[in-house]
Amino acid sequence: MMTTRKLLSLLLIFCLAGCASERLHREGSKLIREGKVEEGLAFLSKAVDEEPTNAQFRADYHVRKAGYVDQLLAAAQAQRQNGNHALAEEGYKRVLQIDKTNVRARAGLDELIRDRRQGDLYASAQQAFKAGDMDKAAAILRSILLESPDNFAAQNLKREIEELLVRRQTVEPTLKSTSTKPINLELRDANIRMAFEGIARTTGINFILDKDVRPDLRTTVFLKNASVEDAIELILQTGQLQKKVLNSSTVLIYPNSPEKLKEYQDLVMKSFYLQNADAKQIQNTLKTMLKTKDMVIDEKLNLLIMRDTPDAIRLAEKLVAMHDIPEPEVMLEVEVLEVQRSRLTELGIQWPSELTLTPLATTLNDLRNMNSSKIGASLSGAAINLRRDITDSNILANPRIRVRNRENAKILIGDKVPVVTATTTATGVVSDSVQYLDVGLKLDVQPDIHLQDEVAIKVNLEVSSIVKAITSKNGTSSYQIGTRNASTVLRLKDGETQILAGLINDQDRATGSGIPGLGDLPVLGRLFSSRQDDRSKTEIVLSITPRLVRNIVRPDASAGEFWSGTESTLRMKPLSLQSVEQKEATALPPKEGATFSESTISNGPTAPAEVAKSIALSWQGPSKAKVGEQVKLALRLKSDGGVRSLPFQVGFDSAVFQVMQIEEGGFFKQDNGATSFSSNVDAANGKFFVSVTRSDVEGASGEDAVVMVTLRALAPSPQTTLKVLSASPIVHGDKPPATILPPPYGVEISR
C-alpha cells in the first residue's frame with residue numbers, strides 16, 4: 001500500500017514539473033514573438049532547466065539564442081564600421097549577457113579598444129599632415145596599417161600623402177631673385193662668365209658653371225626693362241647653353257650637348273591608363289609628335305608608360321587628353337513597313353477538258369471481238385468556279401540599335417533557309433552538306449557622327465522572300481529567292497526622321513480556260529469558260545531616326561592649341577621677353593665691356609598668393625528626384641587665399657544612392673593649372689573619398705566647384721542626406737585655415 005502511494009506521488013510530481021516546463025516554454029515563445037527576445041530566452045532557459053531531457057526545448061532554445069546573438073553581433077559590427085563605438089560596445093556587452101563565452105563578442109570589444117587607440121593615432125596623423133610634417137604623419141599611419149591593413153581612412157590619408165610627395169618631387173623649382181626690379185643689360189662681346197657674375201651680384205642668384213663651359217665664350221645682349229629669368233634664358237640660348245635650376249636662387253649652367261643633356265637633364269616616368277583610346281595608336285602619336293623613344297605599352301591593361309623630360313611629359317598629357325575621350329555613339333530607331341495587297345477572282349464554268357478511252361481486253365481474242373462494251377471511257381469533271389480572295393497584310397519591324405561611330409551594325413529579321421547539297425565521292429559515297437540562306441529583311445547601317453549634332457548614315461536595305469522551291473533530279477532542294485535592294489547615304493540632324501519608300505512590286509496575272517470557239521463568244525462565252533484574275537502589290541517603306549547618345553567632344557582652345565618648343569628642345573612656353581614699365585633706372589658701372597642697370601617696376605612679378613584664413617564648403621544641386629533618375633551634385637569651395645590640396649570624405653546611404661561618377665570641378669583648374677585627381681568609392685560602408693591637388697605652390701583661391709558627383713536613385717526615401725565627414729585642406733602657408741563644413745544635404749526620392 002505504501003509503495004503504491006509513493007509511486008502515485010512521484011507520478012504527480014513529474015506531471016506537475018512537465019506542466020511547469022511546458023508553460024515556461026509557451027511563455028518564452030510568446031515573448032519572442034512580441035519582440036521581447038531577451039526575456040523570452042530567459043523563460044526558454046528555465047524550461048530547459050526544468051526538463052533537461054526534453055530535446056525539443058533544448059533545440060528551440062539554442063536555435064533562437066544563436067539567431068538573436070548573430071543579429072546583435074551584426075548590428076554591433078555595423079555600428080563599429082560607422083564609427084559609433086559606444087553603440088557597438090553596448091551591443092557586444094548585450095551578447096555577453098546572453099552568452100558569456102561568445103568569442104566574437106569578446107573579440108569585438110578588443111577591436112573597439114584598438115579602434116579607439118587607432119582613432120587617436122589617426123587624429124595625430126591628420127594634425128601632422130595639416131602642419132606639413134609628412135614624415136611624422138606617414139610613420140603614424142604605418143603603425144596603424146600594420147595592425148589594421150583594411151583601415152579605410154588610414155589608407156586614404158596615406159595615399160594623399162604619397163600623392164602630395166610625388167607632386168612636390170615632380171614640381172621643378174623656379175628662380176626667384178632677391179630683387180623684384182627688372183634689369184637693363186648692355187653686353188658688348190662680353191665674356192659669358194663675367195656676365196653671370198654681374199647678374200649674380202645684382203640679383204642674388206648663384207651660378208654654378210660646368211667645367212666644360214668654354215672660358216672664351218662671349219655674348220652680346222642689349223636688354224632694357226627685362227626680368228632676370230628672361231635675361232638668363234636669352235644668354236643661355238645665344239651661347240648654346242642649358243640650365244638646371246637647383247633651388248629658387250641657384251642655377252647650374254652646362255653646354256647644350258647630347259652628352260651633357262644625358263648627364264644633367266632629369267627624366268620623369270609617367271603612366272597613362274587609357275580608358276577610350278588605343279594604346280598602340282597613342283604610342284605612334286607620341287613617337288611622331290614628341291620623338292619619344294622610351295615607351296612601353298601593356299595591351300591587356302591598355303596602359304602606356306613613357307620616360308622623358310618634364311616638358312615632354314606635360315605635352316604628352318595634353319596629347320593623351322585630346323585622344324582619350326569617349327567614342328561618339330548613336331541610337332538608330334528604324335521602322336520597316338511592308339504593305340501587301342492581293343486580289344484573286346475566279347469566275348466561270350470549268351468544263352471537262354479531256355476524254356480518255358481504255359481497252360478492257362485482256363487477251364488477243366478479246367481484241368478481235370472489240371466493241372463499245374469492251375472499251376472503258378473516263379471524262380474529267382466539270383465545276384462551277386465562284387471564288388474571290390482578298391488579302392491585306394502589314395508587316396512591321398521596329399528595331400532599335402545602338403552603335404559606335406563608324407562601326408557597322410546589322411539587323412536581320414527573317415529566317416535562315418537550309419539548302420541541301422549532295423556530294424558523291426569517287427568511291428560512290430554520297431554525303432549531304434547544308435548551307436543556310438538569310439531570307440527576310442536585312443539592314444546594314446554605318447553611322448558617321450559629325451559636329452553640330454549631325455549624323456551621316458550609310459544604309460543598305462535588302463528584302464528577300466522565297467518564290468518557289470526547286471527539287472533537282474537527285475532529290476536535293478534549292479529555292480528561287482526574290483529580292484529587293486536599296487543603298488543610300490544620307491545626313492540627318494539629331495532626332496530628324498527620314499523615310500525611304502518606292503520599293504514596289506506590282507504583279508497582275510490573268511488566266512483563262514474554256515471550250516475552244518464557244519468560250520470566245522461575247523457574253524455567252526462565260527458559260528463555256530472559266531477566268532482567273534490575280535493582282536498583288538507589295539510596297540516597302542523604311543523610316544530611320546538617329547538619336548545621339550554621345551557626341552564628339554570639341555576640345556577647349558587651350559587644349560587644342562599650345563606651345564611645344566623648338567625642333568630641338570621641347571618646352572611648354574615660347575622663348576619671349578615680358579615687357580615691364582620702367583619707373584626708375586639706376587645704371588651700374590660697366591665692367592669688361594658689360595653694362596648693368598637696375599630699376600623699379602610697375603608691372604613686375606606676380607605677388608605671392610594670400611594665405612587662406614577661411615575655407616567654406618557648400619552643396620549645390622537638385623533636392624528632389626525619382627527612383628531610377630540620376631542626380632548631379634556639386635561640392636563648391638570658397639577660399640580667401642591659396643589652397644593647394646583638398647582631401648575629403650563624404651558619407652551617403654548606399655541603399656538609396658549609387659555613385660555613378662565623380663568628376664573634378666573647376667576650382668583647382670583655374671588659369672589652366674595642372675592638377676592631380678583621385679577618388680575611391682566604398683559602397684559597402686556608404687562613403688567615398690576624393691583628393692584634388694594643384695601642382696604649383698601658390699594654390700588656387702576664389703569660389704568654384706571642387707567635384708561633380710553623379711548619383712543614381714535606387715529606392716524611395718522621404719529625406720536621404722549626403723554629409724561631408726572630413727576635409728583636410730592644405731594651403732599656401734604654415735597655419736591651417738578655419739574649415740567650415742556644409743550641413744548635410746537632403747534629397748527627397750520618390751517613385
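Residues numbered from 1 in each chain as written. Predicted model: local features only at pLDDT ≥ 70, side-chain atom pairs only at ≥ 80, totals over all residues. Heavy atoms only, no water.

(A) Main features of the overall build of the protein. From N to C terminus, the protein includes 14 helices and 32 strands. The buried share of the protein, reckoned over its 751 residues, is 36%. When the accessible surface of the protein is summed, it comes to about 44,300 Å², and 51% of that surface belongs to carbon and sulfur atoms. (Helix = DSSP H or I, 4+ residues; strand = E, 2+ residues; numbered from the N terminus. Buried < 20%, exposed > 50% of the residue type's maximum accessible area, 1.4 Å probe, protein only. Areas by Shrake-Rupley, 256 points an atom, 1.4 Å probe, with all protein chains shown as cover.)

(B) Highlighting the sheet that holds strand β15 (residues 430–450). What the 4 strands build is an open sheet, ordered β14-β15-β16-β17; its pairing is antiparallel. Bordering the open sheet on either side are β14 (409–424) and β17 (477–493), each of which pairs with just one other strand. Geometrically, the sheet is characterised by an average inter-axis angle of 20° between neighbouring strands, direction not taken into account. The pairing of strand β16 (residues 454–471) with β17 spans 17 bridges and is classified as antiparallel. Paired with I457 across the strands is L490, a residue of β17. (Pairing = 2+ DSSP bridges. Axes fitted to C-alpha atoms, helices over the stretch in contact; angles between N-to-C directions.)

(C) Layout of the packing of aromatic side chains. For the structure shown, the criterion picks out 5 aromatic pairs. Between W619 and Y745 the ring centres are 6.3 Å apart and the planes differ by 35°, which places this aromatic pair in the tilted class. Taken together, the residues W619 in strand β22 (residues 614–620) and Y745 in strand β32 (residues 745–750) connect sequence positions 126 residues apart. Take Y745: its relative accessible area is 15%, and that puts it in the buried class. Between F667 and F668 the ring centres are 5.0 Å apart and the planes differ by 80°, which places this aromatic pair in the edge-to-face class. Overall, F667 belongs to the buried group, its relative accessible area being 0%. Here F668 falls in the buried class, since its relative accessible area comes to 1%. (Phe/Tyr/Trp six-rings, centres within 6.5 Å; stacked < 30°, edge-to-face > 60°.)

(D) Region of interest: the packing of helix α2 (residues 37–50) against helix α3 (residues 55–81). Contact pair α2 / α3: the axes reach a minimum separation of 9 Å and the direction vectors enclose 155°. One finds that α2 runs roughly antiparallel with respect to α3. Here α2 runs over α3; the crossing is left-handed. Counting all contacts with α2, which are made through V37, E38, L41, L44, S45, A47 and V48, the residues of α3 involved are F57, R58, Y61, R64, K65 and Y68. When grouped by side-chain class, the residues that make up the contact of α2 with α3 number 8 nonpolar, 1 polar and 4 charged. (Parallel < 35°, antiparallel > 145°, perpendicular 65-115°, else oblique. Left-handed = near helix turned anticlockwise from the far one by under 90°. Contact = heavy atoms within 4.5 Å. Nonpolar A, V, L, I, M, F, W, Y, C, P; charged D, E, K, R; others polar.)

(E) Geometry of the nonpolar core. Ranked by size, the top nonpolar core spans 35 residues in total, and within it F648, F657 and V706 carry the most contacts. Of all the secondary structure elements, the ones that give two or more residues to this core are β22, β24 (630–651), β25 (657–664), β27 (687–694), β28 (700–713), β29 (717–727) and β32. Counting residues per element, this core draws most heavily on β24, at 8 residues. The residues contacting V706, other than those within four sequence positions of it, are L635, R636, L637, L646, F648, E663, E664, G665, F667, F668 and V692. I183, A195, I199 and L223 belong to the second-largest nonpolar core, a separate cluster that totals 25 residues. (Core = buried A, V, L, I, M, F, W, Y, C linked by side-chain atoms within 4.5 Å.)

(F) Representation of the side chain of T250 within the structure. Within the fold, T250 resides in strand β5 (residues 250–255). A relative accessible area of 10% means that T250 is categorised as buried. Here T250 is in contact with L175, N206, I208, K244 and V245, once residues within four sequence places are set aside.

(G) Fine view of the environment of S342. Mapped onto the secondary structure, S342 falls in strand β9 (residues 329–350). As for S342 and I390, which are separated by 48 residues in sequence, their C-alpha atoms are 5.9 Å apart.

(H) Examining the sheet that holds strand β4 (residues 241–247) more closely. The strand order across the open sheet built from 3 strands is β2-β5-β4, with neighbouring strands paired in mixed fashion. The outermost strands of the open sheet, each flanked by one partner alone, are β2 (206–209) and β4. Adjacent strand axes in the sheet meet at a mean angle of 25°, parallel and antiparallel pairs treated alike. Sheet analysis places β2 next to β5, joined by 4 bridges and oriented parallel. In the sheet register, I208 faces β5, and the bridge partner there is L252.

(I) Broad picture of the confidence of the model for the protein. Summary statistics for the protein give a mean pLDDT of 79 and a share of 85% for residues scoring 70 or more. At the level of individual helices and strands, the protein shows its lowest average pLDDT in strand β21 (residues 594–601), which scores 35, and its highest in strand β8 (residues 303–308), which scores 93. Scored below 50 in pLDDT, residues 11–17 shows 0 contacts in the model against residues more than four places distant or in partner chains. Residue range residues 581–608 is modelled with pLDDT below 50. Its contacts to residues more than four positions away, or to other chains, number 68 contacts. (pLDDT = per-residue confidence, 0-100.)

(J) View of helix α12 (residues 310–323). Taking 1.5 Å as the rise per residue, α12 with 14 residues should run 20 Å; its terminal C-alpha atoms sit 20 Å apart, in good agreement. Those residues of α12 lying buried are P310, A312, I313, L315, A316, L319 and V320. Looking at the buried side of α12, the elements it contacts are β6 (268–273), α11 (279–290) and β8. (Expected span 1.5 Å × (residues − 1).)

(K) How the structure looks around the pairing of β8. As paired elements, β6 and β8 share 6 bridges and run antiparallel to each other. Residue pairing across strands places K270 opposite M306, the latter belonging to β8. Two elements, strand β7 (residues 295–298) and β8, share 4 bridges in a ladder whose sense is antiparallel. Pairing of D298 across the sheet is with L303, part of β8. Here β7 folds back onto β8 in antiparallel fashion, the turn holding 4 residues, of which N302 has a positive phi close to 55°.

(L) Structural detail: the pairing of β15. When β14 meets β15, the two strands line up antiparallel, connected through 16 bridges. The residue of β15 that forms the bridge with G414 is G440. Two elements, β15 and β16, share 10 bridges in a ladder whose sense is antiparallel. The residue bridging V445 from the neighbouring strand is V459, located in β16.

(M) Geometry of the environment of L261. Within the secondary structure, L261 is located in helix α10 (residues 258–264). Between the alpha carbons of L261 and K243 there is a distance of 10.0 Å; along the sequence they are 18 residues apart. Sequence-distant contacts of L261, that is, excluding residues within four places in its chain, are made with Q242, Y254 and N256.

(N) Local environment of the pattern of salt bridges. Under the definition given, this model contains 29 salt bridges. Note that K270 is salt-bridged to E317, the shortest N-O span being 3.3 Å. On the criterion of sequence distance, the pair formed by K270 in strand β6 and E317 in helix α12 is long-range, its members being 47 residues apart. Two residues, R406 and D448, come together in a salt bridge whose shortest N-O distance is 3.1 Å. (Salt bridge = Lys/Arg side-chain N within 4 Å of Asp/Glu carboxyl O.)

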